[in-house]
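Secondary and tertiary structure notes
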Amino acid sequence: MKSHYEVLVIGGGPAGLAAAAEASRVGLEVALVDEQAPGGQIYRNVSEAKNGAVNYLGRDYFRGQKLVNEFLNSGATFLNDASVWYLDERLETGLLIDGSSHFITAERLILATGAQERPMPLPGWHLPGVMTAGAGQILLKSAGIVPDGRLVLAGSGPLLLLLAWQYLQAGVKIEALVDTAPDSRFFEAISSLPRALAAVDYLFKGLTFMRAIRKARIPVYKNVYGLRAEGDESLESVCFNLTRSRAGNRIKVKIEADTLMLHQGVISNIRLPLAAGCNLVWDALQQNWKVRKDKWGQTSVKQVMVAGDCAGVVGARAAELQGRLCALQLGYELRAIGPGQRDRSAQQLNRSLNRHLSIRTFIDKLYAPGRAYQLPDDETLVCRCEEVNAGQVRQAVRMGCVGPNQVKAFTRCGMGPCQGCLCGSTVAALVADETGASMEQVGYFRVRPPFKPITLGELANT
Ligand SMILES: Cc1cc2nc3c(=O)[nH]c(=O)nc-3n(C[C@H](O)[C@H](O)[C@H](O)COP(=O)(O)OP(=O)(O)OC[C@H]3O[C@@H](n4cnc5c(N)ncnc54)[C@H](O)[C@@H]3O)c2cc1C
């Protein structure tokens, strides 16, 4: 490993892999860092997956192998099993590799750190047996592990439907699908359907998942509210209320369960862009902080570009195209290619990018996160690391805290090992709701290294 590269890409998902391969192709000296094998969230472990897995992971997953191969054959250096635990505004990057710490620099940085699942705080979400749908999918992709016993999937979003489909293909029995998105969402989204038809393949995919769920006769509960997980030592049941809209009466439902998987969409992983000093912008439709960038991925910091879901949730195919656009622009700026070559290649990429993005507004409206799971009841834990509930956050605001950082100082919310990953968006939403300020005014937790847990021994071992 060298201590300086022309281009350093952080994140080996579709965006980072494509950016590194393309930058290498135009003649730049590139290194890509990831703490996982190349592939990112969607193509996780794809090089190791058995051929038979296509039956339950689907063809989209195996498409990733081509991209991983393109990257591996591109000549770019791959620093794998490397966690970025430090990044500052001088763009010095601290890596944790094999128990020791290394610092590297680069002329240009491409951040492609992807997305994480949006937290879904509800009563009992901390009980053993409750996990996120993404975590369930990670077990499936990385080790072929599926849940045993009675499984309930709850929340909303394409990933929940995809996981239900993948589990059904893998022979997993699903007790129930609990859909927290109200029916009204479809009517809110319908005006964006004509534009979404340009990416009709996504709509067909969604219909395929829904058809499989119906065919398997999985009970689907809609218009659900008051969702909670119950149990003494671990999950015993999933409870919620239903409104039968025509009659207007409410029905209480209790489903015995061993595993509950929750999901309500994904949000950008903004910690490294924040650490590098990039400006963010609040996307009210996605309910998501994203990095302010231009059409090439250039951020407010001259040496830093962003691509993929960390700069606003766009999906894997668009992330890949954005990665290539970043690389072309860097190739031009670092004088590896001329403007003509950049623009000719970019034209085709942009056409394709627009097609993949045409579905976004429809999806974002259809699966907008539920207010109840962004602004939980007082008793619900918000920060699981430090055991701070929503009531304590609200109380801190009433005592005069005007932003997440003050709430953090007074309650320790966000100071635990996850560094605010699981509570940051909820705390900001609670502060905004309690003060009546906008999300832009409220802001987000200040990020400070280490971004990943690192021991003093590892830190000293440079
Ligand atoms: C849990 C989860 C599962 C998903 N599954 C699917 C799916 O099955 N199908 C689908 O179509 N979409 C899925 N998505 C959405 C999809 O992953 C994204 O749209 C797409 O992968 C975005 O690509 P990306 O390159 O921007 O980021 P990602 O694919 O997320 O890649 C980001 C990479 O950055 C690395 N990284 C982040 N921070 C650091 C750090 N500090 N140090 C080192 N490395 C770091 C991560 O390890 C990761 O490999 C999923 C999203 C999530 C959150």
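Predicted model, so just to flag it, every value in this text is computed and none were measured.

What counts, and where the lines are drawn
- Residues numbered from 1 in each chain as written.
- Predicted model: local features only at pLDDT ≥ 70, side-chain atom pairs only at ≥ 80, totals over all residues.
- Heavy atoms only, no water.
- Helix = DSSP H or I, 4+ residues; strand = E, 2+ residues; numbered from the N terminus.
- Rg over C-alpha atoms; globule rule 2.2 N^0.38 Å.
- Buried < 20%, exposed > 50% of the residue type's maximum accessible area, 1.4 Å probe, protein only.
- Contact = heavy atoms within 4.5 Å.
- Lys, Arg positive; Asp, Glu negative; His and termini not counted.
- Charge placed at Lys NZ, Arg CZ, Asp CG, Glu CD.
- Disulfide = S-S within 2.5 Å.
- Pairing = 2+ DSSP bridges.
- Axes fitted to C-alpha atoms, helices over the stretch in contact; angles between N-to-C directions.
- Phe/Tyr/Trp six-rings, centres within 6.5 Å; stacked < 30°, edge-to-face > 60°.
- Lys NZ or Arg CZ within 6 Å of the ring centre and 35° of its normal.
- Polar contact = N/O pair within 3.5 Å; in protein donor to acceptor, adjacent residues only side chain to side chain.
- Core = buried A, V, L, I, M, F, W, Y, C linked by side-chain atoms within 4.5 Å.
- Near = heavy atom within 4 Å.
- Areas by Shrake-Rupley, 256 points an atom, 1.4 Å probe, with all protein chains shown as cover.
- Nonpolar A, V, L, I, M, F, W, Y, C, P; charged D, E, K, R; others polar.

Turning our attention to the overall build of the protein chain. Across its full length, the protein chain carries 18 helices and 21 strands. A globule of 462 residues ought to have a C-alpha radius of gyration of about 23 Å, and the protein chain, at 22 Å, matches this closely. Out of the 462 residues belonging to the protein chain, those deemed buried represent 53%. Here the contacts in the protein chain between residues at least 6 apart in sequence split such that 66% fall between residues at least 24 apart. Taken together, the 51 basic and 43 acidic charged side chains of the protein chain have centroids lying 8 Å from each other.

Attention now goes to the state of the cysteines. Counted under the stated rule, the structure contains zero disulfides. This cysteine, C413, is not joined by any disulfide, and C423 carries the nearest cysteine sulfur, 4.1 Å off.

Quick look at the sheet that holds strand β9 (residues 151–156) now. In space, the five strands of this open sheet follow the order β8-β15-β9-β10-β11, with parallel pairing throughout. At either end of the open sheet lies a strand with only one pairing partner, and these are β8 (130–132) and β11 (220–221). Bridging between β9 and strand β15 (residues 259–264) involves six bridges; their strand directions are parallel. Of the residues in β15, the one forming a bridge with S156 is Q264. Sitting on the sheet, helix α6 (residues 158–169) touches β9, β10 (176–179) and β15, and the angle it makes with β9 is about 155 degrees.

This paragraph deals with the packing of aromatic side chains. Inspection of every chain in the model, using the stated rule, returns ten aromatic pairs. Relative to F62, the ring of Y61 has its centre 5.0 Å away and its plane inclined at 90 degrees; by these criteria the two rings are edge-to-face. Assessed through its relative accessible area of 3%, Y61 is described here as buried. An angle of 75 degrees between the planes, with centres 5.7 Å apart, marks the rings of Y86 and F103 as edge-to-face. Highlighted residues: Y86 in strand β4 (residues 82–87) and F103 in strand β6 (residues 100–111), separated in sequence by 17 residues. Taking NZ or CZ as reference, K205 lies 5.0 Å from the ring centre of Y202, over its face. Sitting over the ring of F445, K408 keeps its end group 5.0 Å from the ring centre.

Attention now goes to the side chain of R185. With respect to the helices, strands and loops of the structure, R185 is situated in helix α7 (residues 184–189). When its relative accessible area of 13% is taken as the criterion, R185 is described as buried. In terms of polar contacts, R185 uses its side chain to reach the backbone carbonyl oxygen of A368, at 2.7 Å. Excluding residues that lie within four positions of it along the chain, R185 makes contacts with K365, L366, A368 and P369.

The next thing to look at is the sheet that holds strand β12 (residues 224–230). The strand order across the open sheet built from three strands is β12-β13-β14, with neighbouring strands paired in antiparallel fashion. With one partner strand each, in any of the chains shown, β12 and β14 (250–256) form the two edges of the open sheet. For this sheet, the mean inter-axis angle between neighbouring strands, taken without regard to orientation, is 15 degrees. Pairing of β12 with strand β13 (residues 237–243), which is carried by five bridges, proceeds in the antiparallel orientation. Counterpart to V224 in the pairing with β13 is L242.

What follows is about the environment of C239. Inspection of the secondary structure assignment puts C239 in strand β13. Taking the relative accessible area as the measure of exposure, C239 reaches 3% and is therefore buried. Sequence-distant contacts of C239, defined by excluding residues within four places in its chain, comprise G226, L227, R228, E230, V253 and K254.

Before going further, it helps to examine the nonpolar core. Counting residues in hydrophobic clusters, the biggest one holds 69 residues, and the most contacted among them are V7, L28, V30, I110, L153 and Y167. The biggest single contributor to this core is helix α11 (residues 316–333), with nine residues. For I110, the residues in contact, after removing those within four places along its chain, are V7, L8, V9, I10, A19, M305, C326 and L330. The next biggest cluster of nonpolar side chains, apart from the first, holds 53 residues, and it includes C278, L375, C423 and V442.

This brings us to the environment of L334. You can see L334 is positioned in the loop between α11 and α12 (339–357). Sequence-wise, L334 and G27 are 307 residues apart; in three dimensions their C-alpha atoms are separated by 9.8 Å. Apart from the residues within four sequence positions on either side, L334 is in contact with E6, V7, L28, E107 and R108.

Now for the site of the ligand. The full set close to the ligand counts 31 residues, and A15, D34, V84, Q137 and D309 are the nearest of them. Residue K141 places a side-chain N or O atom 3.0 Å away from an oxygen atom belonging to the ligand. When the ligand is considered free in solution it has 990 Å² of accessible area, and contact with the protein chains removes 89% of it. Counting residues per element, the ones that place at least two in the shell around the ligand are α1 (14–25), β4, β7 (115–117), α5 (133–143), α6 and α11. Grouping the amino acids of the shell around the ligand by side-chain chemistry returns twelve nonpolar, 14 polar and five charged.

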